[in-house]
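Examination of the molecular architecture
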Amino acid sequence: SKRDKEPLSERHLDELQAHNILHLDAQEDPWIMAVFWMCRCSTLGIKEASGLAAEDIVLDHTVPHVIVRPNRFRDLKTSNRERVFPLAGEALWRAKQLAATNPVDGKSMSNKFNRLIGKITSQRTKKQTFNSFRHNWKDWLVQAGANSDELKYLMGHANHDITDNYGTSEADLKRLHSLVHRVLNEIHVQSFFA
């Protein structure tokens, strides 16, 4: 369960970052690596990223983004997971690859990525899986200055307070984009192909 998961440690993240991305691309299908980097550079879960339909990837907008919603390829875990996530860095470049292909089964992707992370990282616990990126992103968004509403929105988390039912539910996409840029700058994950 999500309570049994932990963020990847700084050492694990450094090991992943130090591992040559071109080497990974040579060993793995480019589409698989597109999903990998989409998850690495966003709050999307593996099934959300691997199940994106072409119409869910909006690149011709002032703020390029993906629309996380149920589609013909997959449902979402909960209705709260519906959101718009602004693309930046490597995720933006990789979204172009995803838009040109058909989604695949997220469960098989999760197993593949957990094996891939296991090969690259040392002394990883069972609580540190591919889904740990989402746990890391929660911490990074807080450090980047995301307020409670922005954090819940970007993570796709449920509202927990009656006041969450008041005010606008519309996300400020430019502000969210700025937060995502701040996180990617802080964790030094930039587009290798800008």
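In short, a report on the structure. Bear in mind that the values here come from a model prediction, so they are computed numbers and not experimental data. (Residues numbered from 1 in each chain as written. Predicted model: local features only at pLDDT ≥ 70, side-chain atom pairs only at ≥ 80, totals over all residues. Heavy atoms only, no water.)

1. Describing the side chain of Arg74
Note that Arg74 resides in the loop between β2 (65–68) and β3 (83–86). There is no salt bridge for the buried Arg74, and the closest opposite charge comes from Asp56, which lies 4.8 Å off by N-O distance. For Arg74, the side chain forms a polar contact with the main-chain oxygen of Arg69, separated by 2.5 Å. When residues no more than four places from it in sequence are discounted, the contact partners of Arg74 are Lys47, Glu48, Gly51, Leu52 and Arg69. (Helix = DSSP H or I, 4+ residues; strand = E, 2+ residues; numbered from the N terminus. Buried < 20%, exposed > 50% of the residue type's maximum accessible area, 1.4 Å probe, protein only. Lys, Arg positive; Asp, Glu negative; His and termini not counted. Salt bridge = Lys/Arg side-chain N within 4 Å of Asp/Glu carboxyl O. Polar contact = N/O pair within 3.5 Å; in protein donor to acceptor, adjacent residues only side chain to side chain. Contact = heavy atoms within 4.5 Å.)

2. Topic: the side chain of Ser42
With respect to the helices and strands, the residue Ser42 is situated in the loop between α3 (30–40) and α4 (46–50). You can call Ser42 buried: its relative accessible area is 0%. Within the structure, the side chain of Ser42 is placed 2.6 Å from the backbone oxygen of Met38, a separation counted as a polar contact. Residues within four places of Ser42 in sequence aside, it is in contact with Phe85 and Trp137.

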